[in-house]
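Here is what each chain is made of, one letter per residue.
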Amino acid sequence: MRLSAMGDVAMTVPVLRAFVKQYPTVKLTVISRPFFKPFFDGIPNLEFFAFDEKERHKGFPGLLRLYKDVKKLKIDAFADLHNVLRSKVVSLLFALSGKKRATVDKGREEKKELTRAENKIFKQLPTMFERHVKVFEELGFPINLSNPEFPKKAIFGAEITDLVGESYEKLIGIAPFAQYDSKVYPLDLIKEVITKLAENKDRTILLFGGGKKEIEILNSLSEPFKNVINVAGKIKFQQELKLISNLDVMLSMDSGNAHIAAMLGVKVITLWGATHPYAGFLPFNQSLENALTSDRNQYPKLPTSVYGNKIVEGYDDAMRTILPQQVIDKVVDQL
């Protein structure tokens, strides 16, 4: 497997957990960037192979080396859960050597029908989890996702305890950013949500993000409150995962943080702007009721894109139709 964005990788984890439980004698090898290795830690019969995109596995000659490197592991089948040029090349090389292979169908045509402005076909599409299951089914390994198991809540080390303290009853995570602005809840509204949630001193609210600009915004959001903590840039990624595994609820945009929390068995409230859960990216094992979407009566062209990268004139304020009180009520309902 070759995967890129954080959410894409996180979405494979529940499927692979189910696979190893249902096929305990089959060994899995996951090929991905080294950064994502912590996602797969502790999964039995799973080996992580680091894809070196900058040196050893760079360009077409690098993909040939990748194929040879992985071939040494004596694999019997290749599951392409990404379906991009690089993964297709490696998958083809395995097919030419006589190995079974299957590639995920991302449903690009269906998604175009869902997101186009005219003659929109507004219906629920298969989830990415269902699409991943289909890949393994093609290889002869049907998977049942109906009784998922999640890892136990991680134990905090001294560094995390120093950051969040010990005197909290409820841990709420808030990840207010996404790759594209069209998926980000307006700053004044998220501020209102944080202010109201922080009124209850038994709650500790943890803010997640990354990058200099995001950290500055998160600092400004956390500063007025003793029980609101910006964790961005203060701990390593592995520690962040430990922290997320202990949350009572995560409030996130349609972004990677939603999928990370879901793969760890945390309840997730998601906010949707230009995108929509019907495209198949509702986090794993989460209720559609906990996905708050922008008002389609006011903004009938929604969803305007699958990933939020398409700008539609007059739709900048679509997320303002999700009222702060709606968000607060949803979060409190999960506590």
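Shown above is the structure to which this text applies.
Now for a description of the structure that goes with this document.

The helix and strand inventory of the protein chain stands at eleven helices and ten strands. By the compact-globule yardstick of 20 Å for 335 residues, the protein chain fits well, its C-alpha radius of gyration being 21 Å. Here the protein chain holds 335 residues, and the buried ones make up 52% of them. Contacts spanning at least 24 positions in sequence make up 62% of the contacts within the protein chain whose residues lie at least 6 apart. For the protein chain, the exposed surface amounts to about 16,400 Å²; the carbon and sulfur share of it is 50%. Side-chain charges of the protein chain comprise 48 positive and 40 negative groups, with the mean position of each set lying 7 Å from the other.

Where helix α1 (residues 6-22) contacts helix α10 (residues 256-263), the two axes come as close as 8 Å, and the packing angle between them is 20°. Regarding the angle of α1 to α10, the classification is roughly parallel. Judged by the twist between their axes, the crossing of α1 over α10 is left-handed. Where α1 approaches α10, its residues M6, G7, A10, M11, V13 and P14 are matched on the opposing element by G256, H259, I260 and M263. Its residues placed into classes, the contact of α1 with α10 shows seven nonpolar, three polar and no charged.

Here the focus is the sheet that holds strand β10 (residues 291-293). Judged by pairing direction, the sheet is parallel, and its six strands sit side by side in the order β7-β6-β5-β8-β9-β10 without closing on themselves. With partners counted over all chains shown, the strands left at the sheet margins are β7 (228-230) and β10, one partner each. Across the sheet, the axes of successive neighbouring strands diverge by a mean angle of 15°, strand direction being ignored. This element, α10, spans β5 (170-175), β8 (249-253) and β9 (268-272) of the sheet and lies at about 155° to β8.

A few words now on a positive patch on the surface. Side chains of R65, K68, K71 and K99 sit close together on the surface and give a patch of like positive charge. The topology assignment puts K71 in helix α2 (residues 59-71).

So, on to the packing of aromatic side chains. Taken as a whole and judged by the stated rule, the model has 17 aromatic pairs. Ring geometry for F150 and F284: centres 6.2 Å apart, planes at 65°, overall edge-to-face. Placement of F150 in the loop between α5 (128-138) and α6 (158-164) and of F284 in the loop between β9 and β10 is noted, with a sequence separation of 134 residues between them. A relative accessible area of 28% places F150 in the partly exposed class. The exposure class assigned to F284 is buried, which follows from its relative accessible area of 7%. These aromatic residues form a ring-pair network of at least three members: F35, F36, F39, F40, F48 and F237.

Conventions we followed
Residues numbered from 1 in each chain as written. Predicted model: local features only at pLDDT ≥ 70, side-chain atom pairs only at ≥ 80, totals over all residues. Heavy atoms only, no water. Helix = DSSP H or I, 4+ residues; strand = E, 2+ residues; numbered from the N terminus. Rg over C-alpha atoms; globule rule 2.2 N^0.38 Å. Buried < 20%, exposed > 50% of the residue type's maximum accessible area, 1.4 Å probe, protein only. Contact = heavy atoms within 4.5 Å. Areas by Shrake-Rupley, 256 points an atom, 1.4 Å probe, with all protein chains shown as cover. Lys, Arg positive; Asp, Glu negative; His and termini not counted. Charge placed at Lys NZ, Arg CZ, Asp CG, Glu CD. Axes fitted to C-alpha atoms, helices over the stretch in contact; angles between N-to-C directions. Parallel < 35°, antiparallel > 145°, perpendicular 65-115°, else oblique. Left-handed = near helix turned anticlockwise from the far one by under 90°. Nonpolar A, V, L, I, M, F, W, Y, C, P; charged D, E, K, R; others polar. Pairing = 2+ DSSP bridges. Patch = residues over 30% accessible without salt bridge, like charges linked within 9 Å, V, L, I, M, F, W, Y side chains within 5 Å. Salt bridge = Lys/Arg side-chain N within 4 Å of Asp/Glu carboxyl O. Phe/Tyr/Trp six-rings, centres within 6.5 Å; stacked < 30°, edge-to-face > 60°.

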